[in-house]
Amino acid sequence: MAGYDYLVVGAGLYGSVFASRMKEAGKKVKVIDRRHHIGGNVYTEKRDGIHVHTYGAHIFHTNDERVWEYVNRFTRFNNFVNSPIANYRGEIYSLPFNMYTFNRIWGVVTPEEARERIELSKKESGITDPSNLEEQAISLVGREIYEKLIKGYTQKQWGRDCKELPAFIIKRLPVRYTYNNNYFNAAYQGIPVGGYTAMIEKMLEGIEVETGVDFLRNRAELEKEAVTVLFTGAIDEYFDHVFGRLEYRTLDFRDEELDIPNFQGNAAVNYTDSDTGFTRIIEHKWITFGLDDDGVEIEKTIITREYPKSYEPGDEPYYPVNDAKNTELFKKYRALASEKENVVFGGRLGDYSYYDMDVVIRKALEEADCRS
Ligand code: UDP
């Protein structure tokens, strides 16, 4: 007997927003997650007064009014603005690519001079219609910045040559001809006060949640519990990899707690050379301006180094690898998924897409709209 209208598999952002909306629509909902906590990859845990972003720093940013209003029902946001810096063999550069970066690399002062340098680089490289990440990057910022700030970082992050990667990955990064270090071009930006976990807890208030439950290990039983399953895990895993495995990139997060108040003076420092094994260091306390929930200065610090690596079964599949081969493979899984009437797939893993948080939320709201 199906006791629930919806069994939501995965208590991350997609599953939590969907569950919350369906509960509001009067449906009976249960949420399960194989991890021992809610929140998926936005999960934060408090250590020494610091909200540690356990699965990598998540800076919320959106231009979507509906999404912004929606999340503000569950939490307030601080006014953190993401301004990462790049460390290339000890040289410090501003990110995203903007006039400070162009000034540091070429000594140019005006936007016109910067444009000329970039156009020249594009011409010298013979690029007319960029067809891969390398060509796209050179067209956007010129060869020098590509060599110092993009090439090494991207090859570490994705484990393959920039010529073999799709151009869209680099289009995530803004290029600005202004002196503006704000990483995101977004109307709204910030971090939930009290951490993401508290925000998700609030979304899931009044909903039955069970963590440490692996749906795929016991799917026959669990599927019977609900009329419809919303599955937010990896779509290829759901179908037992019948067409083969989709590729993912994963990260090793190595935390260090230090008895000093300030390690790097910024929340995020990217290490863009190819020799350093990690791509970036996050110093979590700066995401809340060095203050704890009571506004008191935190004495210690916690840093996390991110080491990208290829995904092996059992790892966490953080990034889909949206190249041509995997996109074709995903389409096959998508077709299989559309035949399943009582299972809905969604989220970064269900859609095999490199979504930002606000997109995930909007998609969950839209999925819920169709069903309420
Ligand atoms: N990137 C880079 N240098 C940097 C930061 C980013 O070349 O210093 C490239 C890299 O290819 C990366 C992509 O831009 O995969 C997107 O970066 P973003 O910071 O948006 O990635 P995320 O935070 O999602 O890991």
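Quick note: structure is the one above.
Rules of the game
- Residues numbered from 1 in each chain as written.
- Predicted model: local features only at pLDDT ≥ 70, side-chain atom pairs only at ≥ 80, totals over all residues.
- Heavy atoms only, no water.
- Salt bridge = Lys/Arg side-chain N within 4 Å of Asp/Glu carboxyl O.
- Buried < 20%, exposed > 50% of the residue type's maximum accessible area, 1.4 Å probe, protein only.
- Helix = DSSP H or I, 4+ residues; strand = E, 2+ residues; numbered from the N terminus.
- Core = buried A, V, L, I, M, F, W, Y, C linked by side-chain atoms within 4.5 Å.
- 1 Å grid on protein atoms, 1.4 Å probe; cavity = no way out; pocket = protein on both sides within 12 Å on 5 of 7 lines; lining within 4 Å.
- Points joined across faces, edges and corners; volume = space filled by probe spheres on them.
- Nonpolar A, V, L, I, M, F, W, Y, C, P; charged D, E, K, R; others polar.
- Near = heavy atom within 4 Å.
- Polar contact = N/O pair within 3.5 Å; in protein donor to acceptor, adjacent residues only side chain to side chain.
- Areas by Shrake-Rupley, 256 points an atom, 1.4 Å probe, with all protein chains shown as cover.
- Axes fitted to C-alpha atoms, helices over the stretch in contact; angles between N-to-C directions.
- Left-handed = near helix turned anticlockwise from the far one by under 90°.
- Contact = heavy atoms within 4.5 Å.
- Phe/Tyr/Trp six-rings, centres within 6.5 Å; stacked < 30°, edge-to-face > 60°.
- Pairing = 2+ DSSP bridges.

A. Focus on the pattern of salt bridges. The final tally for this structure, using the stated rule, is 35 salt bridges. The salt bridge involving Glu-45 is made with Arg-47; its shortest N-O contact spans 3.6 Å. Using a relative accessible area of 25% as the deciding quantity, one classes Arg-47 as partly exposed. Between Lys-331 and Glu-328 there is a salt bridge, with the nearest N and O atoms lying 3.1 Å from each other. With Lys-331 and Glu-328 both in helix 10 (residues 324-338) and three residues apart, the pair spans about one turn of that helix. Ionic contacts of the salt-bridge type, sharing partners, join the residues Arg-34, Asp-214, Arg-217 and Glu-237 into one network.

B. Representation of the nonpolar core within the structure. Counting 103 residues, the largest nonpolar core has Phe-60, Phe-102, Phe-215 and Ile-361 as the members making the most contacts within it. Here this core takes nine residues from helix 5 (residues 133-158), the largest share from any one element. Core analysis: the second largest hydrophobic core is formed by seven residues, Leu-258, Val-269, Tyr-271 and Tyr-307 among them.

C. How the structure looks around the layout of surface pockets. Its boundaries defined by the atoms lining it, the second largest pocket holds a volume of some 200 Å³. Forming the walls of the second largest pocket are Gly-49, His-51, Asn-78, Pro-192, Val-193, Gly-194, Thr-288, Phe-289, Leu-291, Asp-292, Asp-293 and Gly-295. Across the lining of the second largest pocket, the residue classes break down as four nonpolar, six polar and two charged.

D. Geometry of the site of the ligand. The full set close to the ligand counts 17 residues, and Thr-154, Trp-158, Asn-270, Tyr-319 and Tyr-354 are the nearest of them. Taking Leu-149, its main chain carries an N or O atom lying 2.9 Å from a nitrogen atom of the ligand. Asn-270 is positioned with one of its side-chain polar atoms (N or O) 2.8 Å from an oxygen atom of the ligand. Contact with the protein chains hides 93% of the accessible area of the ligand, taken as 520 Å² for the molecule alone.

E. Structural view of the packing of helix 1 (residues 13-24) against helix 12 (residues 357-371). It is at 8 Å that the axes of helix 1 and helix 12 come closest, and there the two elements cross at 30°. As helix 1 packs across helix 12, the resulting crossing turns out to be right-handed. Two secondary-structure elements touch here, helix 1 through Leu-13, Tyr-14, Val-17, Phe-18, Arg-21 and Met-22 and helix 12 through Met-357, Val-360, Ile-361, Lys-363, Ala-364, Leu-365, Glu-367, Ala-368, Asp-369 and Arg-371. Its residues placed into classes, the contact of helix 1 with helix 12 shows eleven nonpolar, no polar and five charged.

F. Looking closely at the packing of aromatic side chains. Applying the stated criterion to the full structure yields 31 aromatic pairs. Summarising the aromatic geometry, the rings of Phe-60 and Trp-68 are spaced 6.1 Å apart at their centres and angled 25° between planes, so their arrangement reads as stacked. By the burial criterion, Phe-60 is buried, and Trp-68 matches it. Aromatic side chains Phe-102 and Tyr-177 sit 5.7 Å apart centroid to centroid with 35° between the ring planes, which places their arrangement in the tilted category. Placement of the pair is Phe-102 in helix 3 (residues 99-106) and Tyr-177 in the loop between helix 6 (168-171) and strand 8 (188-190), with a sequence separation of 75 residues. The buried category is assigned to Phe-102, whose relative accessible area is 0%.

G. Quick look at the pairing of strand 11 (residues 248-258). One ladder, built from two bridges, connects strand 11 with strand 15 (residues 319-320); its direction is antiparallel. In the strand pairing of strand 15, Tyr-248 is matched with Pro-320. The sheet contact formed by strand 11 and strand 14 (residues 301-310) spans ten bridges and is antiparallel. Residue pairing across strands places Glu-256 opposite Ile-303, the latter belonging to strand 14.

H. Representation of the sheet that holds strand 7 (residues 91-94) within the structure. The seven strands lie next to each other as 7-6-12-13-14-11-15, forming an open sheet whose pairing is mixed. Looking along the sheet, the strands with just one partner apiece sit at the ends: strand 7 and strand 15.

I. Structural context of the environment of Asp-214. Tracing the sequence through the fold places Asp-214 in the loop between strand 9 (208-211) and helix 8 (219-223). In terms of polar contacts, Asp-214 uses its side chain to reach the backbone amide nitrogen of Leu-216, at 3.2 Å.

J. Main features of the sheet that holds strand 10 (residues 226-231). Spatially, the five strands line up as an open sheet ordered 9-2-1-10-16, and their pairing is parallel. Strands at the two margins of the open sheet, each flanked by one partner only, are strand 9 and strand 16 (343-345). The mean angle between the axes of side-by-side strands here comes to 20°, regardless of whether they run parallel or antiparallel. Of the strand pairs in this sheet, strand 2 (residues 29-33) and strand 9 are connected by four bridges, and their pairing is parallel. Bridge assignment links Lys-30 to a residue of strand 9, and that residue is Glu-208. Seen against the sheet, helix 1 touches strand 1 (4-9), strand 2 and strand 10 and runs at an angle of roughly 165° to strand 1.

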